[in-house]
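Each chain is listed here by its residues.
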Amino acid sequence: MAETGAHLSSVWAKATELQIERGMGIRVIDINGHEYLDFTGGLGAASTGHAHPKVTKAIAEQAGRMIHAQINVYRHDKLEPLVNKLGEITPEGIDTFYFGSTPDEIVESAVKLAKHATDRRNVIAFDGAFHGRTHYTLAMSSSRAIDRAGYGPLPGGVFIAPFPDPHASDQEAEVSRALRGLDRIMSTQVSAEKIAACVIEPVIGERGYIPTPKGFLEGIERRCREHGILLVTDETQSGFGRTGRMFASEGLGVTPDIICMAKGMASGFPFAALGTRRELDEKWATGSHSGSSNGNPIGCAAALATIEVLQEPGFLDNVKSRGNQLKDALLNLQQLDQALLHVRGRGLMIATEFDTPERAKAVVDHCLRENRLLLMLAGTYRKTIRWSPPLIVTQSDIDEAVSAFAAAIRATA
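Draft legend 1. Summary view of the overall build of the chain. When its secondary structure is counted, the chain shows 12 helices and 17 strands. For the chain, whose C-alpha radius of gyration is 21 Å, the value lies close to the compact-globule estimate of 22 Å for 413 residues. Taken along its principal axes, the extent of the C-alpha atoms in the chain is 55 × 55 × 50 Å. The buried share among the 413 residues of the chain stands at 53%. Accessible surface, the chain: about 18100 Å² in total, of which carbon and sulfur atoms supply 49%.

Written out as structure tokens, the structure is:
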């Protein structure tokens, strides 16, 4: 008999050797019945936790009615309620929606829309971003060389602009430096009038949960408006309550032309969407883009149930409170060891950065081995630990996780 996983592709990296049987709330249970506190949250996708009763009920009921309804052939009855709900909760001006399945797919769809709507062929992305693993989204990504290695040549027409160094002591000057770098690209590498879109994450994800400075995003928007460039916000990680707001861009003083949504949108069910203005969507040639599973009815049902949970009275207020609790506790732990260099983030999208990748890995390993706390590494040099628990996390859950983290810091010093 073949060993477990013998026929499974080895392309996926593994953070642990755990074999998980089920999940419940903020915990997962392995095949031996051991419970683990999951502060990875499915890379931020398990927004309402594992097997939330409202979400699982919606999925089960929809599965009993229809699993697959191909949108080019006929429409189902969950599409209209979902687009209406998204119209209520997305940033002002966003009123038209396209559905996909994955973050990569939806970001690439946003770029295709931008090219059709502007009749331009070039895109600006920013240093350290991660937008996906398709060829085009890889060309837009620069968080780690390994993600791109061996896949070239990647598509052209993508220009990588500077992003402010989050560690610079003078952040205002750093924002100005990065914006000057963007201006230089538009003066020396590609004419602004040939750029379809600037694509940016309100919180830079895979590089290590780096909040995009408000002034930087405002500066990008000013340049977009001046030159007819579309502003695309990639909220596939930061959307749907992750930062304590329905969308992270809400607190950053900008209005996107296109917003990309996925991950927490449907509590981890493979579902994604882009939102835009009707006037832009009307420039997207009918029949020029589609997919076999677009607007999947189970995904729509999961998204509707997820949004219902997120809109419960006090839910997002609790996310903000728990995020403040976690960040404050982690900042206090910096006093234990100078190797814990940085604590940053918004809401429940928080990062702790160590001085070496070896130390960060040792801390993560200790948390798993000794206290069954699941954390994951991130960042270009894997020195950063990301904290993205399900949004239903409680005060006591955070106390438990911080206690395990503190023990790991002491044990690995």
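Draft legend 2. Up close: the pattern of salt bridges. For the structure on display, the rule yields 24 salt bridges. Note that D337 and R359 form a salt bridge whose closest N and O atoms lie 2.8 Å from each other. Linking D337 in the loop between α10 (315-333) and β13 (340-346) with R359 in helix α11 (residues 357-371), this pair joins segments that are 22 residues apart in sequence. With respect to class, D337 is no different from R359; both count as buried. Ionic pairing is found between E370 and R369, a salt bridge with its closest N-O pair at 3.1 Å.

Draft legend 3. Inspection of the pairing of strand β3 (residues 35-38) at higher detail. Alignment of strand β2 (residues 27-30) against β3, held across 3 bridges, turns out to be antiparallel. Residue pairing for β3: V28 is matched across the bridge by Y36. Following β2, the chain reverses through 4 residues before pairing antiparallel with β3; G33 in that reversal takes a positive phi of roughly 85°. The sheet contact formed by β3 and strand β15 (residues 373-374) spans 2 bridges and is parallel. Residue pairing across strands places L37 opposite L373, the latter belonging to β15.

Draft legend 4. Quick look at the sheet that holds strand β5 (residues 122-126). The strand order across the open sheet built from 7 strands is β4-β12-β11-β10-β7-β5-β6, with neighbouring strands paired in mixed fashion. Each end of this open sheet is capped by a strand with a single partner; those strands are β4 (96-100) and β6 (158-161). With strand direction ignored, the average angle separating the axes of adjacent strands in the sheet is 20°. Note: β5 against strand β7 (residues 195-200), 3 bridges, orientation parallel.

Draft legend 5. Geometry of helix α7 (residues 214-227). In this model, α7 (14 residues) spans 20 Å end to end at C-alpha, consistent with the 20 Å of a helix rising 1.5 Å per residue. What α7 keeps buried is the set F216, L217, G219, I220, E221, R223, C224 and H227. For α7, the elements touching its buried residues are β5, α6 (171-188), β7 and β10 (230-234). Of the residues trailing α7, G228 is marked for its positive phi of about 70°.

Draft legend 6. Spotlight on the sheet that holds strand β16 (residues 376-378). Reading across from one edge, β13-β14-β17-β16 is the order of the 4 strands in this open sheet, with antiparallel pairing throughout. Of all strands in the sheet, those with a lone pairing partner are β13 and β16, marking the two edges. Each adjacent strand pair in this sheet contributes to an overall mean axis angle of 30°, direction not counted. Sheet analysis places β13 next to strand β14 (residues 349-354), joined by 6 bridges and oriented antiparallel. The residue of β14 that forms the bridge with R344 is A351. Contacting β13, β14 and β17 (384-387), α10 runs over the sheet at an angle of about 170° to β13.

Draft legend 7. Spotlight on the packing of aromatic side chains. One pass over the structure, following the stated rule, counts 8 aromatic pairs. Judged by centre distance (5.6 Å) and plane angle (85°), the ring pair of F163 and F216 falls under edge-to-face. Of this pair, F163 sits in the loop between β6 and α6 while F216 sits in helix α7, placing them 53 residues apart in sequence. Accessibility classification places F163 together with F216 in one group, the buried group. Centroid distance W387 to F405: 4.9 Å. Interplanar angle 80°. Geometry classified as edge-to-face. Of the two residues, W387 sits in strand β17 while F405 sits in helix α12 (residues 395-412), which places them 18 residues apart along the sequence. Judged by its relative accessible area of 0%, W387 falls in the buried class. Here the guanidinium or amino end of R372 rests over the ring plane of Y36, the centre of that ring lying 5.9 Å away.

Here is what the cut-offs are and how they apply
Residues numbered from 1 in each chain as written. Predicted model: local features only at pLDDT ≥ 70, side-chain atom pairs only at ≥ 80, totals over all residues. Heavy atoms only, no water. Helix = DSSP H or I, 4+ residues; strand = E, 2+ residues; numbered from the N terminus. Rg over C-alpha atoms; globule rule 2.2 N^0.38 Å. Buried < 20%, exposed > 50% of the residue type's maximum accessible area, 1.4 Å probe, protein only. Areas by Shrake-Rupley, 256 points an atom, 1.4 Å probe, with all protein chains shown as cover. Salt bridge = Lys/Arg side-chain N within 4 Å of Asp/Glu carboxyl O. Pairing = 2+ DSSP bridges. Axes fitted to C-alpha atoms, helices over the stretch in contact; angles between N-to-C directions. Expected span 1.5 Å × (residues − 1). Contact = heavy atoms within 4.5 Å. Phe/Tyr/Trp six-rings, centres within 6.5 Å; stacked < 30°, edge-to-face > 60°. Lys NZ or Arg CZ within 6 Å of the ring centre and 35° of its normal.

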